[in-house]
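Residues per chain, in single letters:
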Amino acid sequence: DNMKSISALLLVGCVVAGSIQPYSWTPNKEYKYKYSTQVLTGIPELNSQYSGVRLSTEVRVQPKHDSTCTLKFENPRFVSYNDEDMEMDKDWMPEERHGQKEEIPRSLKSWLESPFKVFHKNGKVLKLQTENGEPEFIVNIKKAFVSQVQHDLSKALESSTLQQNNQVQRQGHQYPVPSFKVQEKSILGDCETIYSISKLPEHLVQEFEEQERQRRSRDYETSSGRSHEQEESLCEGKQYFEILKSENLDSCTERPVYHRTYGMWSKTDGSRSSSRPSQSSLTRTIICGSLEDHFIRKSSTENRIIVNTAGEVESKEKIDISSTSTLVLMSVESAQSELSGPSSPKGYPSLVYEYPSGSSSSSKSLKQQMQQQQQQQQQQQQQQQQQQQQQQQKRHSPLPDLTSAPNTIYPKTQSERELKEKVIELFSKIIEESEKMSESSKSKKDVTGM
């Protein structure tokens, strides 16, 4: 169904770079963004027909003094596509005439619009809190957006990373252009992430703002109450920086990827040229201000998966799965009404995508189910060990084995030597008495002398 498609869209990839650092998010302020994420699938070599889905929503972000942010989606809209000769804009968004608006069920819309909280430190997200009982695929949508506003620039500000050959001279000033790698968790997995930062010259700034004016003029989803001049004035007089962010998907400690092919037998010669889908992810973020204190002006990503349609045979006709996400700053104002966090919070220590357990509306993931099963097994083992310990405590003596000497359960009143002598004496008396006995003899004593 459509909601499954939205969840699949975010699994394909919707990581957009941003910044969630204390020095870039001012407490008691409210940041409003327009967020759009979509996935389109087609075979470009055959025709321009694509099918897919797009989710658009406005996002309110309210930073707090305790390094947390409360976020809320508002007015979510869902559009499905399945048209020929689709025309795209610069952000790879289909024109309005191609889409068909879909109604979001009230219960799912309520979950989408429920506030959630983000805990962060130095640009990295530590934990995500959502409402308990929230469907797992809705949680994945929120994880995707949080991945979108996670951008650790701390290494860019360390003098040790600013190499002499990684600086440029403009107008008598040196500007750092650092490139660095970090291990970062996002909706795509826990992967090596490469950052590259450069300062935009004035002519590129003007070109960017002109493109944004053209986008706003044809943006059929623009809020009626938003001022275009207000959006432009947010960065007036500020420096512009471009941040390129790419994830090395071949260097991940965790990736939530499942691939299965139907209708063909895929072989590999070891080169990985056509046996498996190839995937790439690149994000371009424009910020205004400084690296220490800035606004996220716009951020967009393209995550592409190419699947060969002929197995091991190289073919030009390939399935192209393109996922794009766009985040645009609408306004920054004083917070008028404070957003309340989840009333019954459920914590997620990782932003990595998790598959729902059972139905798509399940509030439990397969990973959580597996962890619970492991915990139950550990608890059962602990209970069995405790029961064995309790049984051993109730015993008066340990159970004997087949090799060790048995333990005596009565006190010894004589020495070992005296006991041996007494045993020899008793056996000698038994032998003596047995020799005196016959079948017809009668005695008050038996063979043991008792």
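See the structure above.
About the cut-offs
- Residues numbered from 1 in each chain as written.
- Predicted model: local features only at pLDDT ≥ 70, side-chain atom pairs only at ≥ 80, totals over all residues.
- Heavy atoms only, no water.
- Helix = DSSP H or I, 4+ residues; strand = E, 2+ residues; numbered from the N terminus.
- Buried < 20%, exposed > 50% of the residue type's maximum accessible area, 1.4 Å probe, protein only.
- Contact = heavy atoms within 4.5 Å.
- Areas by Shrake-Rupley, 256 points an atom, 1.4 Å probe, with all protein chains shown as cover.
- Core = buried A, V, L, I, M, F, W, Y, C linked by side-chain atoms within 4.5 Å.
- Disulfide = S-S within 2.5 Å.
- Phe/Tyr/Trp six-rings, centres within 6.5 Å; stacked < 30°, edge-to-face > 60°.
- Expected span 1.5 Å × (residues − 1).
- Pairing = 2+ DSSP bridges.
- Salt bridge = Lys/Arg side-chain N within 4 Å of Asp/Glu carboxyl O.

Novice: Account for the overall build of the protein, naming residues and giving values.
Specialist: Counting its secondary structure elements, the protein contains seven helices and 15 strands. When burial is assessed residue by residue, the protein has 40% of its 450 residues classed as buried. For the protein, the share of sequence-separated contacts (at least 6 apart) that also reach a separation of at least 24 residues comes to 69%. For the protein, the exposed area adds up to about 25,900 Å²; of that, 47% sits on carbon and sulfur atoms.

Novice: How would you sum up the nonpolar core? Please name residues and give values.
Specialist: Tyr33, Val61, Phe145 and Tyr240 are the most contacted members of the largest nonpolar core, which totals 51 residues. In this structure, Tyr240 is in contact with Ser198, Lys199, Leu200, Val205, Phe208, Glu209, Cys235, Ile286, Ile287 and Cys288, ignoring residues within four places of it in sequence.

Novice: Mind laying out the state of the cysteines, listing which residues take part and the relevant values?
Specialist: What the rule picks out here adds up to two disulfides. Cys191 shares a disulfide with Cys252; S-S distance 2.0 Å. What sets the handedness of the Cys191 and Cys252 disulfide is the S-S torsion sign, and at about 100° it is right-handed. On the criterion of sequence distance, the pair formed by Cys191 in strand S10 (residues 189-199) and Cys252 in strand S11 (residues 240-254) is long-range, its members being 61 residues apart. Disulfide partner of Cys235: Cys288, at an S-S distance of 1.9 Å.

Novice: Please set out the packing of aromatic side chains residue by residue, giving values where relevant.
Specialist: Under the definition given, this model contains seven aromatic pairs. Note on Tyr31 and Phe295: the rings are 6.3 Å apart at their centroids and 65° apart in plane angle, and the pair reads as edge-to-face. You can see Tyr31 sitting in strand S1 (residues 29-42) and its partner Phe295 sitting in strand S13 (residues 294-308), a full 264 residues away along the chain. In this pair, the class of Tyr31 matches that of Phe295, namely buried. Ring geometry for Phe73 and Phe145: centres 5.8 Å apart, planes at 85°, overall edge-to-face. Remark: Phe145 occurs in helix H3 (residues 136-148) and Phe73 occurs in strand S3 (residues 68-83); sequence separation between them is 72 residues.

Novice: Describe H3, with residues and values.
Specialist: The first and last C-alpha atoms of H3 sit 18 Å apart over 13 residues, in line with the 18 Å expected at 1.5 Å per residue. The element H3 is extensively covered by neighbouring structure, given that 13 of its 13 residues are classed as buried.

Novice: Could you give an account of the pairing of strand S5 (residues 116-121), naming the residues involved and the relevant values?
Specialist: The side chains of a regular strand alternate between the sheet's two faces. Residues Phe116, Val118 and His120 line the buried face of S5, whereas the alternating positions Lys117, Phe119 and Lys121 sit on a face that is not buried. With four bridges connecting them, S3 and S5 associate as antiparallel partners. Bridge assignment links Thr68 to a residue of S5, and that residue is Phe119. Here S5 pairs with strand S6 (residues 124-131) via five bridges, running antiparallel.

Novice: Which residues make up the pattern of salt bridges, and what values do they have?
Specialist: Here the structure, examined in full by the defined rule, presents 16 salt bridges. For Lys245, the salt bridge goes to Glu184, with nearest N and O atoms at 2.7 Å. Of this pair, Lys245 sits in strand S11 while Glu184 sits in strand S9 (residues 179-186), and the two are 61 residues apart along the sequence. On the basis of relative accessible area, Lys245 is assigned to the buried category, the value being 2%. Linking Glu212 and Lys298 is a salt bridge whose minimum nitrogen-to-oxygen distance equals 2.9 Å. One end of the pair, Glu212, is in helix H4 (residues 202-218); the other, Lys298, is in strand S13, with 86 residues separating them in the sequence. There is no split in this pair, since Glu212 and Lys298 are both buried. The structure contains a network of salt bridges with shared partners spanning Glu30, Arg60, Lys72 and Glu74.

Novice: Talk me through unusual backbone geometry; I want residue IDs and the actual numbers.
Specialist: For Ser67, which is not glycine, the phi dihedral falls at a positive 60°. As for its placement among the helices and strands, Ser67 is situated in the loop between strand S2 (50-63) and S3. For Ser67, a relative accessible area of 29% translates into the label partly exposed. A positive phi is found at Asn75, a non-glycine position, where the angle reads about 55°. Here Asn75 is to be found in strand S3. Residue Asn75 is classed as partly exposed on the basis of its relative accessible area, which comes to 41%.

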